[in-house]
Amino acid sequence: MELSNIEKLLEKYFEGETTLSEEKELKVYFTGESVPSHLERYKDLFQFFSDESQVTATSEVTLSTNRVPWYTWIGVAASIALIVGLFIKDVPPGVDPEGVYGTYDDPEIALQKTKEALNLVAKLMNEGKKDLVYLNEFDTAKKELVYLNEFESAKNKLIK
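Owing to the predicted nature of the structure, the values given are computational and were not obtained by experimental measurement.

Definitions and cut-offs
- Residues numbered from 1 in each chain as written.
- Predicted model: local features only at pLDDT ≥ 70, side-chain atom pairs only at ≥ 80, totals over all residues.
- Heavy atoms only, no water.
- Phe/Tyr/Trp six-rings, centres within 6.5 Å; stacked < 30°, edge-to-face > 60°.
- Buried < 20%, exposed > 50% of the residue type's maximum accessible area, 1.4 Å probe, protein only.
- Helix = DSSP H or I, 4+ residues; strand = E, 2+ residues; numbered from the N terminus.
- Axes fitted to C-alpha atoms, helices over the stretch in contact; angles between N-to-C directions.
- Parallel < 35°, antiparallel > 145°, perpendicular 65-115°, else oblique.
- Left-handed = near helix turned anticlockwise from the far one by under 90°.
- Contact = heavy atoms within 4.5 Å.
- Nonpolar A, V, L, I, M, F, W, Y, C, P; charged D, E, K, R; others polar.
- Lys, Arg positive; Asp, Glu negative; His and termini not counted.
- Salt bridge = Lys/Arg side-chain N within 4 Å of Asp/Glu carboxyl O.
- Expected span 1.5 Å × (residues − 1).
- Arc of directions from axis to C-beta.

Asker: Can you help me understand the packing of aromatic side chains in this one?
Answerer: Each pair of aromatic rings is reported with the distance of its centres and the angle of its planes. Using the criterion set out here, one finds 6 aromatic pairs in the structure. When the centroid spacing of 5.3 Å and the interplanar angle of 75° are considered together, the rings of Tyr 13 and Phe 14 count as edge-to-face. Tyr 13 sits in the buried class, given a relative accessible area of 19%. For Phe 14, a relative accessible area of 45% translates into the label partly exposed. Measuring from ring centre to ring centre gives 6.2 Å for Phe 30 and Tyr 42, while their planes differ by 75°; the resulting arrangement is edge-to-face. Of the two residues, Phe 30 is situated in helix H2 (residues 20–31) and Tyr 42 in the loop between H2 and helix H3 (43–52); the sequence distance between them amounts to 12 residues.

In structure tokens, the structure reads:
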């Protein structure tokens, strides 16, 4: 293979733009005997890749998942709310002295008050939803950290 072609492939390789077949060509070239002196420093790298591609795992890796699913906490919260509701029977004095608890005789007023309450709830929900946008950024950053951990473990293997 031509020396200029190998140098171009090396350049593409270090830019991360080579195909698997081009990488195989580089491995074959650098594991051979006739490597020019200025490219000799890459010989050990490709020899290492060739040797490590033959290594197989000797034990099975198991991942432990000790985290409690989020829906379990919903059940716990509902149970606590039910227990609290059972033991709180009386309304504290002075909260609603007439005992009507916000009922209205006129359906138009009731409709208006219901709309006001729902608008207030919608407004507060939308304000809270704005802050959730940052969770998407957190998830993408967390995914990038996973890639960094994989890179770190691969680097540690190369150093050993």
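Here the narrative resumes, following the displayed structure.
Asker: Is there a simple way to explain the packing of helix H1 (residues 3–15) against H2 in this structure?
Answerer: Geometry of a packed helix pair, given as the angle between the helix axes and the separation of the axes. For the pair H1 and H2, interaxial distance at closest approach is 10 Å and the crossing angle is 125°. Viewed along their axes, H1 and H2 adopt a mutual orientation that is oblique. Where H1 crosses over H2, the two elements pack in a sense that is left-handed. Where H1 approaches H2, its residues Leu 3, Ile 6, Leu 9, Leu 10, Lys 12 and Tyr 13 are matched on the opposing element by Glu 22, Glu 23, Glu 25, Leu 26, Tyr 29 and Phe 30. Grouping the amino acids of the contact of H1 with H2 by side-chain chemistry returns 8 nonpolar, no polar and 4 charged.

Asker: I'm lost on the side chain of Lys 43 in this one. Help?
Answerer: Checked against the element boundaries, Lys 43 lands in helix H3. No salt bridge forms around the buried Lys 43; measuring N to O, its nearest opposite-charge neighbour Glu 40 is 4.3 Å away. Sequence-distant contacts of Lys 43, that is, excluding residues within four places in its chain, are made with Phe 30, Gly 32, Glu 33 and Val 35.

Asker: Just checking my understanding: could you explain the pattern of salt bridges for this structure?
Answerer: Side chains that differ in sign of charge can pair as their charged atoms come close. Considering all chains together, one arrives at 1 salt bridge under this definition. The closest approach of N and O atoms between Glu 22 and Lys 12, which form a salt bridge, is 3.0 Å. Highlighted residues: Glu 22 in helix H2 and Lys 12 in helix H1, separated in sequence by 10 residues. Owing to a relative accessible area of 16%, Glu 22 belongs among the buried residues under this scheme.

Asker: What is the right way to look at H2 in this model?
Answerer: Count 3.6 residues to each turn of an α-helix, and residues three or four apart come out pointing the same way. In this model, H2 (12 residues) spans 16 Å end to end at C-alpha, consistent with the 16 Å of a helix rising 1.5 Å per residue. Of all the residues in H2, the buried ones are Glu 22, Leu 26, Tyr 29 and Phe 30. The buried residues of H2 all sit within an arc of 90° when viewed along its axis, so they share a single face. Pointing more than 90 degrees away from the buried face of H2 are the exposed residues Leu 20, Lys 24 and Val 28. Residues of H2 that are buried make contact with H1 and H3.

Asker: Would you mind showing me how to read the packing of H2 against H3 here?
Answerer: It is the contact of H2 with H3, at a shortest axis distance of 9 Å, that shows an interaxial angle of 115°. By the criterion of interaxial angle, the relationship of H2 to H3 is roughly perpendicular. Here H2 runs over H3; the crossing is left-handed. The segment H2 lies against H3, with Leu 26, Lys 27, Phe 30 and Thr 31 engaging Lys 43, Phe 46, Gln 47, Phe 49 and Ser 50. Taken together, the residues that form the contact of H2 with H3 break down as 4 nonpolar, 3 polar and 2 charged.

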